[in-house]
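Chain by chain, the residues:
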Amino acid sequence: MLHDSPWRGAFYVTGGGSLLLSNLLSVPGASRTVLDARVPYAEAALEDVLGTKPEQACSSLAARMLAMKAYSNACALDDGPNLFGLGVTASLATNRAKRGQLRAHVALQTASRTQVSEICFPNSQLRAAQERELTEIALQKLGIGLGLTADALNPNTDHALVASNDVQALLQDEPRYIGEPGSIFLPGAFNPLHDGHRRMKELAEEICNNQCQYELCVRNFDKPHLDFIELEQRRLQLSDEDCVITNVPRFSDKARLLVPDGGATFVLGIDTLKRIADASYYGNAEQMRASIQTMSERSDKLLVFGRVGGDMEFATLGDVELPDELSRLCHGFTEKQFRMDISSTAIRRQARTN
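The present account deals with the structure reproduced in this document. Just so you know, these numbers come straight off a predicted model, no measurement behind them. (Residues numbered from 1 in each chain as written. Predicted model: local features only at pLDDT ≥ 70, side-chain atom pairs only at ≥ 80, totals over all residues. Heavy atoms only, no water.)

1. As for the overall build of the protein
Then step 1. In terms of helices and strands, the protein carries twelve helices and 15 strands.
Then step 2. Look at the contacts in the protein between residues 6 or more apart in sequence, and 72% of them connect residues 24 or more apart.
Then step 3. When the accessible area of the protein is evaluated, it comes to approximately 17,400 Å², of which 46% is carbon and sulfur surface.
Then step 4. Distance between charge centroids for the protein: 5 Å, based on 37 positive and 45 negative side chains. (Helix = DSSP H or I, 4+ residues; strand = E, 2+ residues; numbered from the N terminus. Contact = heavy atoms within 4.5 Å. Areas by Shrake-Rupley, 256 points an atom, 1.4 Å probe, with all protein chains shown as cover. Lys, Arg positive; Asp, Glu negative; His and termini not counted. Charge placed at Lys NZ, Arg CZ, Asp CG, Glu CD.)

Quick look at the structure:
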């Protein structure tokens, strides 16, 4: 059924669930469907594929990140309209004892849909039986998500979101935004939004005597793009008037997109400023210099807040060496003006344990 359809896609499977690839590739006509297939089994391999280490390797989020990465790769390999990415993460029976529920997550990403399913297995079930069941369920969920079968999703184990047209457009290459942009923005992942973000926004509004908006970008420089479920979860934390959503990760592109006539102001932490001054963030030093020069010519500004670094020392603007042209765009805050030692990672970790 899948091989006879117009759909083509990439499959990223983290070891458990590899029988799915074997079954797909053993059927005549597989080349009409499978554009790419990868098995990032080791933790380092998974991190290499995703560009970041997932906080939980076997999770809904990790499966969705794999599906988005697979979808993006499918789009790079094929310019057709019916493309998808499938991601599978699994914790199955093995030759050592495992804590917790044996389970798997199957995620699908298309141009319009994000879908994820959780499958739980009895701890007494043999590995071979788990692999067969996971393969069967993954193909079923894929067929449902692609509209190849009339079967329905299970609301207890499945979550699917079909994005609106304006949100779907954010995954395309053309620069786009959603919202009513002003001129002052606090870019961030907001995973989650916390008091540090809120205080930075308040201080920026006091300094500029104008509204500051959160800017949430769906396209990351070195990580998978945000899927539609993840975008919706983060968007719900922000009011429409306080937020703009974009698909451009570089600050010079954000400035041109949101404030075409120049004079954009960005509110950011010292770690983000370091990335702006890092040539690897752009690909090479020439692109970095061109980006900084563009912001300088537009009279864009950067309001820079300090934070604790990996050495547990609090760093401010004065502690960072910058190109002169970038330094002239920056206004810094002292430790006395702002210090909030809040970690988004720690907040997420605490939320998982509660």
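2. Considering the pattern of salt bridges
Then step 1. The tally for this structure, following the rule as stated, stands at 22 salt bridges.
Then step 2. A salt bridge links Arg219 to Asp173; the nearest nitrogen and oxygen atoms lie 3.2 Å apart. In this pair, Arg219 is assigned in the loop between β9 (213-217) and α7 (228-235) and Asp173 in the loop between α5 (165-168) and β7 (177-178), connecting sequence segments 46 residues apart.
Then step 3. Residue classification places Arg219 among the buried residues on the basis of a relative accessible area of 16%.
Then step 4. Ionic pairing is found between Arg199 and Glu202, a salt bridge with its closest N-O pair at 3.1 Å. Taken together, the positions of Arg199 and Glu202, both in helix α6 (residues 195-208) and three residues apart, correspond to about one turn of that helix.
Then step 5. Accessibility expressed as a relative area gives 41% for Glu202, which makes it partly exposed.
Then step 6. Through salt bridges with shared partners, one network takes in Arg64, Asp227, Glu230 and Arg234. (Salt bridge = Lys/Arg side-chain N within 4 Å of Asp/Glu carboxyl O. Buried < 20%, exposed > 50% of the residue type's maximum accessible area, 1.4 Å probe, protein only.)

3. Focus on the sheet that holds strand β12 (residues 301-305)
Then step 1. With respect to topology, seven strands assemble into an open sheet ordered β7-β10-β9-β8-β11-β12-β15, the strand pairing being mixed. Unpaired on one side and paired on the other, β7 and β15 (330-332) mark the two borders of the sheet.
Then step 2. Examined bridge by bridge, strand β8 (residues 184-187) and strand β11 (residues 265-269) share two bridges and lie parallel to one another. Counterpart to Phe185 in the pairing with β11 is Phe266.
Then step 3. Strands in contact with α6 are β8, β9, β11 and β12; relative to β11, the strand with the most contacts, it is inclined by about 145°.
Then step 4. In the packing of α7 onto the sheet, the strands contacted are β7, β9 and β10 (243-246), and the crossing angle to β9 comes to about 170°. (Pairing = 2+ DSSP bridges. Axes fitted to C-alpha atoms, helices over the stretch in contact; angles between N-to-C directions.)

4. Some details on the pairing of β9
Sheet faces and side chains relate simply in a regular strand, where the side chains alternate between the two faces.
Then step 1. Counting buried residues along β9, five of its five residues qualify, which places the element largely inside the surrounding structure.
Then step 2. Of the two faces of β9, the one holding Gln213, Glu215 and Cys217 and the one holding Tyr214 and Leu216 are both buried throughout.
Then step 3. In terms of strand pairing, β8 meets β9 through three bridges, oriented parallel. Its bridge partner lying in β9, Phe185 is registered against Gln213.
Then step 4. Taken together, β8, α6 and β9 form a β-α-β motif whose crossover is right-handed.
Then step 5. A crossover links β9 with its parallel partner β10, the connecting element being α7, and its sense is right-handed. (Right-handed = clockwise from strand over helix to strand, strands pointing away.)

5. Description of the state of the cysteines
Then step 1. Here the structure, examined in full by the defined rule, presents zero disulfides.
Then step 2. Unpaired in this structure, Cys217 has its nearest cysteine sulfur neighbour in Cys243, at a distance of 11 Å.
Then step 3. Cysteine Cys243 remains unbridged, with the sulfur of Cys212 as its closest cysteine sulfur at 11 Å. (Disulfide = S-S within 2.5 Å.)

6. Some words on the nonpolar core
Then step 1. With 30 residues, the main nonpolar core has Leu186, Phe190, Leu231, Ile245, Val267 and Phe305 as its most contacted residues.
Then step 2. Sorting the residues of this core by element identifies α3 (60-77), β8, α6, β9, α7, β10 and β12 as the ones contributing at least two each.
Then step 3. The biggest single contributor to this core is α6, with three residues.
Then step 4. Once residues lying within four places of it in the same chain are set aside, the contact partners of Val267 are Ile184, Phe185, Leu186, Pro187, Met200, Ala204, Cys212, Leu303 and Phe305. (Core = buried A, V, L, I, M, F, W, Y, C linked by side-chain atoms within 4.5 Å.)

7. Some words on the sheet that holds strand β3 (residues 83-91)
Within a sheet, each strand pairs with its neighbour through backbone hydrogen bonds, oriented either parallel or antiparallel.
Then step 1. Sheet architecture is open: six strands sit in the order β2-β1-β3-β4-β5-β6, paired in mixed fashion. What marks the edges here is a single partner per strand, and that holds for β2 (34-38) and β6 (158-162). Taken pair by pair, the neighbouring strands of this sheet meet at an average axis angle of 10°, ignoring direction.
Then step 2. Where β3 lies against strand β4 (residues 102-110), eight bridges are found, and the strand directions are antiparallel. Across the sheet, residue Gly85 finds its bridge partner in β4, namely Gln109.

8. Some points on the pairing of strand β5 (residues 113-121)
Then step 1. Most of β5 is tucked away, with seven of its nine residues classed as buried.
Then step 2. In this sheet, β5 lies alongside β4 in antiparallel orientation, the contact comprising eight bridges. Bridging across to β5, Leu102 finds its partner in Phe121.
Then step 3. Connecting β4 to the next strand, β5, in antiparallel fashion are two residues.
Then step 4. Two elements, β5 and β6, share five bridges in a ladder whose sense is antiparallel. From the neighbouring strand, Gln115 faces β6, where its bridge partner is Ala160.

9. A look at α7
Counting along an α-helix, one turn takes 3.6 residues, and residues three or four places apart therefore face a common direction.
Then step 1. Of all the residues in α7, the buried ones are Phe228, Ile229, Glu230, Leu231 and Arg234.
Then step 2. The backbone nitrogen of Ile229 has a side-chain oxygen 2.9 Å away, supplied by the residue at the start of α7, namely Asp227. (Polar contact = N/O pair within 3.5 Å; in protein donor to acceptor, adjacent residues only side chain to side chain.)

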